[in-house]
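Spelled out from the first residue to the last, the chains are:
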Amino acid sequence: MTRDMMRNLGLVFFPAFDWALTPTHPEREERLLYTRDQIIEEGLLDIDSIREYKPKMASLKDIQRVHIAVPDISSLITDAHLVSAGGAITAAEAVMKKEVQRAFALVRPPGHHAMKVMHGTRGFCTVNIEAIMVEYLRQHYGIKKVAIVDTDVHHGDGTQDIFYHDPDTLFISLHQDGRTLYPGTGDKTELGSPSAFASTINIPLPPGTTDEGLHYVLDNLILPVLDDFQPDLIINSAGQDNHYTDPLASMAVSAQGYARLAEKLNADIAVLEGGYSIEDALPYVNTGIILAMAGLDYSRVIEPDIKRCPKQTEGNTVAIKKTVEFLQDIWANRQELKEENIRRSNGFYNMQNRVYYDDSGITEKQVQSVKLCPDCHGYLTIATEATGNYIGYQTAFASIIPRNCCPKCQSLAKDAIVKAKKQKNYEQYFLQNKVDDTYEEL
């Protein structure tokens, strides 16, 4: 490949030396240290078309643009979370300022299990760094349509929750079937609320899916959907725990499979998520992704034990094709199905969630109610109740005004929280207003 064909790539590293759930936890600093050693050994940082950036620190306002924090943000996060989110923002800004064509934020702690409401840490995640980055770009650069393709082996339930009612955000998650792996969600029938129908696409894959199955999904579903959606930006939530050596999952993807995915997906920004085979996978997978995103030859990035990688079974091939066919049909008929769902909802869409914070010992019950408006994205209210060993009992009510919200719905959203506060059923009341870019505890 000639130099003229090379893409410029920005890299951001943040290993978070001072943050870990426990000293021996799989989500620890070595995840990035081994990768950085490999990248330096291969001389990738000496290539003119690859530029390294130092992460900046996100602000509390950046977090508040996405999350409702109970009891408050400061008590739930550390500086490491602000730098991880800031690292993603740093990568995105390098692209937006046209300093580089692509960027890859290799940062931790990860974030895709962090939902709109925060009571603690779950799935190693406290704040959703991709969502914070996306809303930062919308606020500061006027970005509208965004596609997030989550390639972590675990369903990106937090990112799904944050954007489930947003038709301008296409969230695609391909993951090991939730019936066999944490967090147990991500069924193909989870498709977004009525006004945002088919803006959420879940692709549950059977354990043992290989490069073959991954690329069948990519070629026959994900890439055609992206072509139809025409996003302003493509974000890769780049989990690497589909690798055949990962200790927390049961998939069979190789470094070559990941690199070819990065090349085909052609994401503007990639943000590291999971991946816990620290020595056997991450240095190879990350090197392959970096080379692919930079437009360089990655054909020799091969694991020494590649013969261990299983072959895909015929049963898995059949199951994957059936899932793709189901979702192809949904996508082809999405407008008709969307209109039908809106008609059946009678102006409001209600959903109940039960969320377990496995890292914090907290159980949450939640009710979301979305106003369906023909003139805008409507507004959202969330009632949340949480119990746990450390917090006792916490309740909160939030009213959320999205950026595309008509004056009538803005008024109704404010009325909803005033009414809730008068009834005094909750301990805390929040108003998140994306039109004015404000966050208030009332």
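Refer to the preceding data block for the structure.
Below or above, wherever it landed, is the structure these notes cover. As the structure is a computational prediction, the values presented were derived from the model and not from experiment. (Residues numbered from 1 in each chain as written. Predicted model: local features only at pLDDT ≥ 70, side-chain atom pairs only at ≥ 80, totals over all residues. Heavy atoms only, no water.)

### Comments concerning helix α6 (residues 211-229)
Look at α6: 25 Å from first C-alpha to last across 19 residues, which is about the 27 Å you get at 1.5 Å a residue. Along α6, the sharpest kink reaches roughly 40°, centred on Leu218. Regarding α6, the residues found buried are Asp211, Gly213, Leu214, His215, Val217, Leu218, Leu221, Ile222, Val225, Leu226 and Phe229. Summarising the contacts, the buried residues of α6 are in contact with β6 (146-150), β7 (169-176), β8 (200-205), β9 (233-238), α7 (255-265) and α9 (314-332). (Helix = DSSP H or I, 4+ residues; strand = E, 2+ residues; numbered from the N terminus. Expected span 1.5 Å × (residues − 1). Bend = angle between axes of the 7 residues up to and from the residue. Buried < 20%, exposed > 50% of the residue type's maximum accessible area, 1.4 Å probe, protein only. Contact = heavy atoms within 4.5 Å.)

### Points about unusual backbone geometry
Looking along the chain, the bond that leaves Arg108 and enters Pro109 is cis, with omega of 5°. By the element assignment, Pro109 lies in the loop between β4 (102-107) and β5 (117-118). With an omega of 0°, the peptide bond running from Tyr182 to Pro183 counts as cis. Following the sequence through the fold, Pro183 ends up in the loop between β7 and β8. With a phi close to 70°, Ala198 is a non-glycine residue in the positive phi region. On the secondary structure map, Ala198 appears in the loop between β7 and β8.

### Re the sheet that holds β6
Across the sheet, eight strands lie side by side as β2-β1-β4-β10-β9-β6-β7-β8; this open sheet has parallel pairing. Two strands in the sheet have a free side with no partner beyond their single neighbour: β2 (50-53) and β8. Between one strand axis and the next, the sheet turns by 15° as a mean value, whatever way the strands run. Relative to β8, β7 runs parallel, the two being bridged by six bridges. Among the inter-strand pairings, Ser173 is bridged to a residue of β8, identified as Asn202. (Pairing = 2+ DSSP bridges. Axes fitted to C-alpha atoms, helices over the stretch in contact; angles between N-to-C directions.)

### Thoughts on α9
Since the α-helix turns once every 3.6 residues, residues separated by three or four places project in the same direction. The end-to-end C-alpha distance of α9, which contains 19 residues, comes to 27 Å, matching closely the 27 Å that a straight helix rising 1.5 Å per residue would cover. Buried residues along α9 sit in contact with β7, β8, α6 and α10 (334-345).

### What to know about the sheet that holds strand β14 (residues 392-401)
One open sheet accounts for six strands, arranged β11-β12-β13-β14-β15-β16; its pairing is mixed. Single-partner strands in this sheet number two, and they are β11 (348-357) and β16 (438-441). Each adjacent strand pair in this sheet contributes to an overall mean axis angle of 15°, direction not counted. Both β14 and strand β15 (residues 428-433) contribute to a ladder of six bridges, which runs parallel. In the sheet register, Ala398 faces β15, and the bridge partner there is Phe430. Along the sheet, helix α11 (residues 407-423) makes contact with β12 (362-371), β13 (380-388), β14 and β15, crossing β14 at roughly 155°.

### Section: the packing of helix α1 (residues 30-41) against helix α8 (residues 282-293)
Two numbers describe how α1 lies on α8: the axes approach to 8 Å, and their chain directions differ by 55°. Between α1 and α8, the angle falls in the class oblique. Between α1 and α8 lies a crossing of right-handed hand. Every residue of α8 that contacts α1 at Arg31, Tyr34, Thr35, Gln38 and Ile39 is listed here: Leu282, Pro283, Asn286, Thr287 and Ile290. (Parallel < 35°, antiparallel > 145°, perpendicular 65-115°, else oblique. Left-handed = near helix turned anticlockwise from the far one by under 90°.)

### Some details on the packing of aromatic side chains
Think of a pair of aromatic rings as described by two things: how far the centres are apart, and how the planes are tilted against each other in angle. This model, assessed by the stated rule, comprises four aromatic pairs. Ring geometry for Phe124 against Tyr276: centres 5.5 Å apart, planes inclined by 90°, an arrangement best described as edge-to-face. Separated by 152 residues along the polypeptide, Phe124 in the loop between β5 and α4 (129-141) and Tyr276 in the loop between β10 (269-272) and α8 bring together distant segments of the chain. Considering the side-chain rings of Tyr426 and Tyr429, the 6.2 Å spacing of their centres and the 90° angle between planes classify their relative orientation as edge-to-face. Of the residues examined, Tyr429 reaches a relative accessible area of 4% and is grouped as buried. Above the ring of Phe13, the side-chain terminus of Arg36 is found at 4.8 Å from the ring centroid. Its guanidinium or amino end placed over the ring of Phe326, Lys188 lies 4.8 Å from that ring's centre, counting from NZ or CZ. (Phe/Tyr/Trp six-rings, centres within 6.5 Å; stacked < 30°, edge-to-face > 60°. Lys NZ or Arg CZ within 6 Å of the ring centre and 35° of its normal.)

### Quick word on empty space enclosed by the protein
Summed over all chains, the structure comprises four cavities of 30 Å³ or more. Volume-wise, the largest cavity comes out at about 210 Å³. Contributing to the lining of the largest cavity are 15 residues, with Ile162, His165, Asp166, Ile400 and Pro402 lying nearest its centre. Residue composition of the lining of the largest cavity, by class: seven nonpolar, three polar and five charged. Volume-wise, the second largest cavity comes out at about 70 Å³. Along the walls of the second largest cavity sit twelve residues, with Ala262, Glu263, Asn266, Ala267 and Met293 positioned nearest its centre. Breaking the lining of the second largest cavity down by element, the ones donating at least two residues are α7 and α8. Considered class by class, the residues forming the lining of the second largest cavity number seven nonpolar, two polar and three charged. (1 Å grid on protein atoms, 1.4 Å probe; cavity = no way out; pocket = protein on both sides within 12 Å on 5 of 7 lines; lining within 4 Å. Points joined across faces, edges and corners; volume = space filled by probe spheres on them. Nonpolar A, V, L, I, M, F, W, Y, C, P; charged D, E, K, R; others polar.)

### Considering the pairing of β4
Burial analysis of β4 places six of its six residues in the buried class, the great majority of the element. Here β4 shows a buried face lined by Arg102, Phe104 and Leu106 and a second buried face lined by Ala103, Ala105 and Val107. For strand β1 (residues 9-14) and β4, the ladder comprises six bridges, and the chain directions are parallel. Residue pairing across strands places Phe14 opposite Val107, the latter belonging to β4. Inspection of the sheet shows β4 paired to β10 by three bridges, in the parallel sense.

### Points about the pairing of β1
The two faces of the sheet receive side chains in turn, since in a regular strand these alternate between them. Extensive coverage of β1 is indicated by the burial of six of its six residues. Relative to β2, β1 runs parallel, the two being bridged by four bridges. Across the sheet, the residue bridging to Val12 is Tyr53, located in β2.

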